[in-house]
Amino acid sequence: MLPVWLLFALLVVVGPLLVAGLQVLVRRRWPHLAEGEHNDVAGYLIAIVGVIYAVLLAFVVVVTWQQFSHAGEVVGQEASALRGLYRESAAFPPQVRERIEADVRDYAAAVITQEWPAMARGEPGHPAVAAVLDRTAADLATLPTDTPVQQQFVAVEADRFAEVVSYRSQRLDFVGQGLPGVMWVALVLGGVVTIAFGMIFGLRSTVLHLFMTGSLAATIGVLLFVAVAIDQPFLGDVAVAPAPIQRVLDDFAR
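This is a predicted model, so every value here is computed, not measured.

Taken as a whole and assessed by the stated rule, the structure comprises 4 aromatic pairs. Measuring from centroid to centroid gives 5.9 Å for Trp65 and Phe68, while their planes differ by 20°, and the two rings are stacked. Of this pair, Trp65 and Phe68 are both found in helix H2 (residues 39-87), 3 residues apart, which corresponds to roughly one turn of the helix. Summarising the aromatic geometry, the rings of Tyr86 and Phe252 are spaced 3.8 Å apart at their centres and angled 5° between planes, so their arrangement reads as stacked. On the criterion of sequence distance, the pair formed by Tyr86 in helix H2 and Phe252 in helix H8 (residues 243-252) is long-range, its members being 166 residues apart. Across this residue pair, the class does not change: Tyr86 and Phe252 are buried.

Okay, the pattern of salt bridges next. Here the idea is simple: oppositely charged side chains can pair when their charged atoms come close. Applying the stated criterion to the full structure yields 11 salt bridges. A salt bridge links Asp251 to Arg83; the shortest N-O distance between them is 2.6 Å. Of this pair, Asp251 sits in helix H8 while Arg83 is found in helix H2, placing the two residues 168 residues apart along the sequence. Judged by its relative accessible area of 23%, Arg83 is partly exposed. The partner of Arg160 in a salt bridge is Glu163, and the shortest N-O contact between them spans 3.6 Å. Placement of the pair is Arg160 and Glu163 together in helix H5 (residues 148-173), with a separation of 3 residues, close to one helical turn.

Residues annotated in UniProt with the feature "transmembrane region" (unreviewed entry) correspond here to residues 44-65, 178-201 and 207-230. Here residues 178-201 runs as 83% helix and 0% strand, with 35 Å between its end C-alpha atoms. Between the end C-alpha atoms of residues 207-230 the distance is 34 Å, and the span holds 96% helix and 0% strand.

Take helix H7 (residues 206-229) next. Because the α-helix completes a turn every 3.6 residues, residues three or four places apart line up on one side. The terminal C-alpha atoms of H7 lie 34 Å apart, and with 24 residues this matches the ideal 34 Å at 1.5 Å per residue to within 8%. Taken together, the buried positions of H7 are occupied by His209, Thr213, Gly214, Ala217, Ile220, Gly221, Leu224, Phe225, Ala227 and Ala229.

Here we come to H8. Three or more residues of H8 are buried, namely Pro244, Ile245, Val248, Leu249 and Phe252. Burial along H8 is one-sided: seen end-on, the buried residues are contained in an arc of 145°.

What follows concerns the nonpolar core. Core analysis: the biggest nonpolar cluster contains 39 residues, and Leu82, Tyr107, Trp116, Phe234, Val240 and Ile245 have the highest contact counts within it. Taken together, the elements giving at least two residues each to this core come down to H2, helix H3 (94-120), helix H4 (127-141), H5 and H8. Top element by residues in this core is H3. It accounts for 10 residues. Apart from the residues lying within four places of it in its own chain, the contact partners of Tyr107 are Glu78, Leu82, Val129, Val132, Leu133, Val164, Arg168 and Arg171. Formed by 14 residues, the second largest nonpolar core is a distinct cluster that contains Val19, Leu57, Val61 and Ala227.

Reading guide: rules and limits
In this numbering scheme, every chain counts its residues from 1 along its sequence in written order. With the structure being a predicted model, the display of local features is reserved for residues of pLDDT at least 70 and the display and counting of side-chain atom pairs for 80 or more, all residues being used for whole-chain, interface and lining totals. Derived side-chain values reflect all non-hydrogen atoms in the structure, with water molecules and hydrogen atoms excluded from consideration. Each pair of aromatic rings taken from Phe, Tyr and Trp, with Trp reduced to its six-membered ring, is defined by centres within 6.5 Å and is described as stacked if the planes are under 30 degrees apart, edge-to-face if over 60, and tilted in the remaining cases. The secondary structure listing takes helices from DSSP runs of H or I that are at least 4 residues long and strands from runs of E that are at least 2 residues long, numbered from the N terminus. Accessible area is worked out with a 1.4 Å probe on protein chains only. A residue is then buried under 20% of its type maximum, exposed over 50%, and partly exposed in between. The salt bridge definition used is simple: a Lys or Arg side-chain nitrogen within 4 Å of an Asp or Glu carboxyl oxygen. UniProt positions are given in the numbering used here, feature names are shortened, and annotations may be inferred rather than shown by experiment. The length a helix should cover is 1.5 Å for every residue beyond the first. Working note: the arc is built from the helix axis to C-beta atom directions. Residues belong to a common nonpolar core when they are buried Ala, Val, Leu, Ile, Met, Phe, Trp, Tyr or Cys residues joined through side-chain atoms within 4.5 Å. Note on contacts: a residue pair is in contact if any heavy atoms of the two residues lie within 4.5 Å.

This is the structure in structure tokens:
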């Protein structure tokens, strides 16, 4: 993925400038368009095409934002499950409790230092995190159940561990997922057609016409920039950060 600043420059600055330049060429090549004799038909078509494209573009932006936001929520839930796994180990003997606590810290550290960079490269998970989960499962299997309280806490710990595994799986599901290619094709072609209709709309003032088409191209470019930047929640400069899991590691660090 391109750096976010370069993506912004291409879609919001370079794109509108190219549209403005093309608009000048169109007005010079077909000067009679400025008379506006076709504005009734062109205006009707612009209204239809513009509304359809606006709905599609808004839908894409909303869907990508919801996906990005959901990814952040899953990370927060994963961190909460880790906290529960750590704190609820207090019902067990020191040696057993220390193993569970160490597993939680090792898991958080492995996720931050190894799995997050792997996800940023588009890789779904890292073997180091899976190894910590296997060790945690083995340690949970050795929890004593000598008292009713311990039996209850073993069940709670098992539920917390299952939540950690589930939320990690959901987090990894976001890696490599995004809008299908056909949707991006529709967005690009729709943007081109919408801007093209604006370019053939008749206006006597060249400056006003350039401002209109340039503003339209810039608006479309901004929304496309947002959609592209957050399409992959764990890729690129605009990505979900492991802050909730980092706080777990900071709070329980020794």
